[in-house]
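# Chain and residue survey
Spelled out from the first residue to the last, the chains are:
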Amino acid sequence: MPDIDIPIWVINLKRDVARKDFMVEQLERLGLPYELIEAVDGSTLSEEEMSIVSPELSEQRIYRQLTHGEIGCALSHIRLWERMVREDIPEVLIFEDDVLIGRNMVDILLNREKLPQNWEHINFTAWARVVPFGDFIFDIYRAAKFLERPFSTTAYLLTKSGAEKLLEKVYPLHIPIDDYFSISGLNSYGVEPQVAALMRSESSVGVRLRGTKPKPKFWKRKRREFIEMIRAILIFCGIRSEWIVAANAKLHALLGSSQQKD
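In this report, the structure presented in the accompanying data block is examined. (Residues numbered from 1 in each chain as written. Predicted model: local features only at pLDDT ≥ 70, side-chain atom pairs only at ≥ 80, totals over all residues. Heavy atoms only, no water.)

Moving on, we come to the nonpolar core. Formed by 33 residues in total, the largest nonpolar core has its most connected members in W9, I78, W81, I94, V170, L173 and I177. Going through the elements one at a time, β1 (8–12), α4 (68–86), β3 (91–95), β8 (155–159), α6 (160–169) and α7 (180–183) are the ones with two or more residues in this core. Take this core: its biggest share by element is eight residues, from α4. Apart from residues lying up to four places away in sequence, I78 is in contact with I52, L167, V170, Y171 and I177. (Core = buried A, V, L, I, M, F, W, Y, C linked by side-chain atoms within 4.5 Å. Buried < 20%, exposed > 50% of the residue type's maximum accessible area, 1.4 Å probe, protein only. Helix = DSSP H or I, 4+ residues; strand = E, 2+ residues; numbered from the N terminus. Contact = heavy atoms within 4.5 Å.)

Right under this line is the structure:
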């Protein structure tokens, strides 16, 4: 087992047994120690849990109110940040329960001293353009600066100072939790190429706007899941998201011109 000297916390809704098993199998195969953390269920929020939310500020900032799913997701992460500060934990790796973890994640964790000295947050799955810089952390992996606001709380490293900055900004809660990483003054970086990928469009821990759209039919849903799986594998192999989007657009253009000729 690799000598990983930081806690690894996996957020999982108690009812999502398949997702828990998926994460446990990966982490045990990689020899990574972990602790399962029960997520806050957005469908059973108490009055006390809802009291941290400001619907008025949400309407001002994002022109809508947060869904219960978003609030549950936010509380799940906030409680871990509070635990870091309360227990004086210097660094933590946090996963939601729908992440494909590359085997080189272990080597990156073992070589954290090669990350930028001032890092407070490493976002492993952000869908944002980046520019790699500095020395190699391991093999072909380097730290990367974000060229646009990164979103995603799916897989990230966080320091205690980063947790403190987040907690200073998060109350009252009024925007989705991943937005706070961009407005809290964190020294935030990515890793290029990606060493982790979201296996589906959203983890059920952090689902947004649930119930606002009609549920797609079975085959349409399966087709979407298949496309997301292929996309995640391509990103995991180092192919950038924007390249995939461009290739998809070219394919549709070719198919369109072919149909016109017919």
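Moving on to the packing of aromatic side chains. In this structure the tally under the stated criterion is three aromatic pairs. Between Y156 and F181 the ring centres are 5.1 Å apart and the planes differ by 70 degrees, which places this aromatic pair in the edge-to-face class. Of this pair, Y156 sits in strand β8 while F181 sits in helix α7; the two residues are 25 residues apart in sequence, bridging distant segments of the chain. Taken individually, Y156 and F181 each receive the classification buried, so the pair is uniform in this respect. Aromatic rings pair up to connect W81, Y156 and F181 into one cluster. (Phe/Tyr/Trp six-rings, centres within 6.5 Å; stacked < 30°, edge-to-face > 60°.)

This paragraph deals with empty space enclosed by the protein. Per the stated rule, a full pass over the model turns up two cavities of 30 Å³ or more. Reported here for the largest cavity is a volume of approximately 70 Å³. Taken together, twelve residues form the lining of the largest cavity, with A126, V130, F146, V191 and Q194 sitting closest to its centre. Of the residues assigned to the lining of the largest cavity, the class counts are six nonpolar, four polar and two charged. (1 Å grid on protein atoms, 1.4 Å probe; cavity = no way out; pocket = protein on both sides within 12 Å on 5 of 7 lines; lining within 4 Å. Points joined across faces, edges and corners; volume = space filled by probe spheres on them. Nonpolar A, V, L, I, M, F, W, Y, C, P; charged D, E, K, R; others polar.)

Below, the discussion takes up α6. All of the buried residues along α6 are G162, A163, L166 and L167. Along α6, the residues classed as buried sweep out an arc of 135 degrees about the axis, all on the same side. For α6, the elements touching its buried residues are α4, β8 and α7. (Arc of directions from axis to C-beta.)

Before going further, it helps to spend a moment on the pattern of salt bridges. Taken as a whole and assessed by the stated rule, the structure comprises 13 salt bridges. A salt bridge links R64 to E70; the shortest N-O distance between them is 2.9 Å. When its relative accessible area of 21% is taken as the criterion, R64 is described as partly exposed. E91 is the partner of R112 in a salt bridge, and the nearest nitrogen-oxygen pair spans 2.8 Å. Of this pair, R112 sits in the loop between α5 (105–110) and β5 (121–123) while E91 is found in strand β3, placing the two residues 21 residues apart along the sequence. Judged by its relative accessible area of 22%, E91 is partly exposed. Through salt bridges that share partners, D5, E91 and R112 make up one connected network. (Salt bridge = Lys/Arg side-chain N within 4 Å of Asp/Glu carboxyl O.)

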